[in-house]
Amino acid sequence: MVTLTKRWLGGALILALGLLLAVPTTEAQEAKVIRIVKQPGLGYLGLIVMRARGLLEKHLPGVAVEWNELTSGPVIRDAMLAGQLDIGSGGLAPFILAVDKGLGWKIVGTLNDMPLYLNTYKPEIKSLKDFTPGDKIALPAPGSIQHITLQMAAERELGNPKALDNIIVAMAHPEARAALISKKEITAHLTSPPFQYQELKAGGIHKVLDSYQVVGGPHTFNILWTTEKWAKANPTLMKGFYNALVEALEFINKSPLEAAKVFVESEKSKDTPETTLGYMKEPGVRFVIYPTGLMTYARFMHKTGLIKKLPPSWKEYAFEHLHSFPGN
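For clarity, every value in this text was computed on a predicted model and none was experimentally measured.

### Remarks on the overall build of the protein chain
Looking only at helices and strands, one finds 15 helices and 10 strands in the protein chain. Summarising its shape, the C-alpha atoms of the protein chain cover approximately 100 × 45 × 35 Å along the three principal directions. Across the 328 residues in the protein chain, those meeting the buried criterion constitute 52%. For the protein chain, long-range pairs separated by at least 24 residues make up 77% of all intrachain contacts whose partners lie at least 6 apart in sequence. Within the structure as shown, the protein chain displays about 15100 Å² of accessible surface, and the carbon and sulfur contribution to it stands at 57%. Each charge class in the protein chain was averaged separately, 36 positive and 30 negative side chains, and the resulting centres sit 4 Å apart.

Right, here's the structure in full:
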C-alpha cells in the first residue's frame, strides 16, 4: 500500500510539474523589448533623462529599449495603431481624442505642467482680434493641444472656436521657431518650452497670450500613455517604466542644473545649461507625474463636439497607480 501511495504521489508530482512547465508564466509571456516615443522640446525632459541615465535598463534588466522620435500627436497615434510603439507621449488633446475613439489608452504618468505661448513678430497683433486672413499661425498639427488651446481662446475672444482655423499651418516646433525669427512663411507660432523662450530672446517678438491665461490656471502639457491591453500583458514592463519615470522626475527636481546639462547634450541644444535651467524655472513650469487641467480640456472638447463622451473624472483617463494623486 505504501508503495502504491508513493507511486501515485510521484506520478501526480510529475504530471503537475509537466502541466506547470506547459503553461508559460506571466514573466515569460511579457515582451522582451519596450518601444517608446518622444517629441522635440523641453517638455520631454523626463524621457530625455530616462534615456541618458539608463534608467529603463536599471529598472528592466534584460529588456531591450527602443527609442523613437516623432513630431506630433496624430503621427504618434497612427504609429501606435500600427503596433509600432508601446509607450506614447504628447499633449493632452490628441490623447483625449484617441480615448474617445475607443483606442483603450490610459495615462501611465505625466511629464510636466507648462504654459504654451502664442508669439508673433507683428507689433500690431496684440490679441486674437488683430489677426487677418493673410496671417499664418504655426502649430504642430490640427487636433494638437496647441490647436485646442487656440480654439479655446478664439471662443472666448472671438465668439467662435473655429474662427482662426483657416489660418493655422502644421509645422514642427524647430522649423516654426526658425521661420518666426526670420519672419518668413508664418506670422505667429503657438509653441512650447524652450522654443517660446528662444523666440522671445531673439528680439522683435512678443507674446500674444499663453495657455494658462486661456485655461484659467496651470495645466499638464505632456503625458505618457499606453494601452490597457499592453499594460495587462506586460505588468513587469509597466511597473519598471513607471519607476524609471518617477526616478527621472525626482532627478530633474533635485538636480535641475544637471538635468539641464543632460538636455543640452542629448538634444544638441545651442543654449547653455544655465540658460536651459532658466527656462525650467520660468513661471508655471513644473515637472510632476499627475495630470492637471485634464478635465478642463476634456469639457471644452465635449462642448464643441470634438469628443462624444465626457468621463466624470480625470481618473477614468489614468491607470490606478495615479489615482491617489491630486489630479484634475
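### Points about the nonpolar core
Ranked by size, the top nonpolar core spans 94 residues in total, and within it Ile96, Leu118 and Phe241 carry the most contacts. Sort the elements by how many residues they give to this core and helix α12 (residues 235–254) lands first, with 10 residues. Beyond its immediate chain neighbours, meaning those up to four positions away, Ile96 contacts Leu294, Tyr297, Ala298, Met301, Ile307 and Tyr317. Core analysis: the second largest hydrophobic core is formed by eight residues, Tyr121, Ala138, Met171 and Leu180 among them.

### A short note on the pairing of strand β4 (residues 105–110)
Of all six residues in β4, six are buried, a share of seventy percent or more. Where β4 lies against strand β10 (residues 222–227), five bridges are found, and the strand directions are antiparallel. Pairing of Thr110 across the sheet is with Ile223, part of β10.

Analysis parameters
- Residues numbered from 1 in each chain as written.
- Predicted model: local features only at pLDDT ≥ 70, side-chain atom pairs only at ≥ 80, totals over all residues.
- Heavy atoms only, no water.
- Helix = DSSP H or I, 4+ residues; strand = E, 2+ residues; numbered from the N terminus.
- Buried < 20%, exposed > 50% of the residue type's maximum accessible area, 1.4 Å probe, protein only.
- Contact = heavy atoms within 4.5 Å.
- Areas by Shrake-Rupley, 256 points an atom, 1.4 Å probe, with all protein chains shown as cover.
- Lys, Arg positive; Asp, Glu negative; His and termini not counted.
- Charge placed at Lys NZ, Arg CZ, Asp CG, Glu CD.
- Core = buried A, V, L, I, M, F, W, Y, C linked by side-chain atoms within 4.5 Å.
- Pairing = 2+ DSSP bridges.

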